[in-house]
Structures are given as C-alpha cells and as structure tokens.
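Summary of structural features
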Amino acid sequence: MLNAQTLQSYIEAGLACDYILVEGDDGTHFSATIVAPAFEGKRRVQQHQMVYQVLGDRMKAEIHALAMQTYSPSEWAAK
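Here's a quick rundown of the structure. A quick note: this is a predicted structure, and the numbers were derived from the prediction, not measured. (Residues numbered from 1 in each chain as written. Predicted model: local features only at pLDDT ≥ 70, side-chain atom pairs only at ≥ 80, totals over all residues. Heavy atoms only, no water.)

1. Overview of the packing of helix α1 (residues 4-14) against helix α2 (residues 44-55)
- Viewed as axis vectors pointing N to C, α1 and α2 meet at an angle of 105°, and their least axial separation amounts to 9 Å. Judged on the interaxial angle alone, α2 and α1 are roughly perpendicular. Counting all contacts with α1, which are made through L7, Y10, I11 and G14, the residues of α2 involved are V51, V54 and L55. (Axes fitted to C-alpha atoms, helices over the stretch in contact; angles between N-to-C directions. Helix = DSSP H or I, 4+ residues; strand = E, 2+ residues; numbered from the N terminus. Parallel < 35°, antiparallel > 145°, perpendicular 65-115°, else oblique. Contact = heavy atoms within 4.5 Å.)

Written out as structure tokens, the structure reads:
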C-alpha cells in the first residue's frame with residue numbers, strides 16, 4: 001500500500017522541488033503542496049499536468065486521488 005512519504009519521493013525523483021508536502025494515510029487519497037521552479041510561467045493546469053507526467057501510470061494503478069496545490073517559487077513567496 002502506498003504511503004505519503006513514498007508518493008512524495010516519486011514526485012521528488014522526477015521534479016526538482018523547492019518545497020513539497022504530501023499528506024494522506026488511506027493509501028489511495030492524497031493531497032500535496034508543491035513548489036517547483038519548473039512551474040514558473042505555467043498555468044495551474046500545466047503545473048498539475050507536469051506532476052501527473054512524473055507520476056505516469058501510478059496515477060492509474062496506485063493513486064486514486066491526488067489533490068494538488070502547486071506554485072512557482074514567486075507565487076509561493078507572494079503567498
């Protein structure tokens with residue numbers, strides 16, 4: 001069964017993050033706050049697509065739901 005720490009490591013392996021926090025304890029439903037330089041200048045939907053791309057087939061097999069809050073470093077600093 002997948003846990004939040006493992007999911008976080010999957011994201012970090014494919015996306016350089018300035019900050020990341022993944023939460024969830026039921027094995028299929030997770031929430032994540034992700035700050036990544038690669039998000040700079042991207043719309044929110046593009047940012048989410050980048051995370052989905054990193055996770056690939058895991059989104060179909062291991063992860064039922066992932067609620068995301070994504071930010072570029074400048075968006076995060078303004079928050």
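2. What about the nonpolar core?
- Judged by nonpolar contacts, the single largest core of 18 residues is most densely connected at L7, I11, I34, V51 and L66.
- Looking at this core, the elements that each hand over two or more residues are α1, β1 (19-23), β2 (29-35), α2 and β3 (65-71).
- Not counting residues within four places of it along the chain, the set of residues in contact with L7 comprises L2, V22, F30, L55, I63 and L66. (Core = buried A, V, L, I, M, F, W, Y, C linked by side-chain atoms within 4.5 Å. Buried < 20%, exposed > 50% of the residue type's maximum accessible area, 1.4 Å probe, protein only.)

3. Here we look at the sheet that holds β3
- Taken in spatial order, the 3 strands of this open sheet run β1-β2-β3, and their pairing is mixed. Of all strands in the sheet, those with a lone pairing partner are β1 and β3, marking the two edges. The sheet shows a mean angle of 10° between the axes of neighbouring strands, taken without regard to direction.
- In this structure, β1 lies alongside β2, joined through 5 bridges in antiparallel fashion. Within β2, the residue paired with I20 across the bridge is I34.
- Each of β1, β2 and β3 touches α1; the most contacted strand, β1, lies at about 145° to it.
- Relative to β3, α2 is tilted by about 125°, and along the sheet it contacts β2 and β3. (Pairing = 2+ DSSP bridges.)

4. Observations regarding α1
- Within α1 the residues assigned to the buried category are A4, L7, Q8 and I11. Viewed along the axis of α1, the buried residues span an arc of 100°, placing them on a single side of the element. Residues Q5 and A13 are exposed on α1 and point more than 90 degrees away from its buried face.
- Looking at the buried positions of α1, the neighbouring elements they touch are β1, β2, α2 and β3. (Arc of directions from axis to C-beta.)

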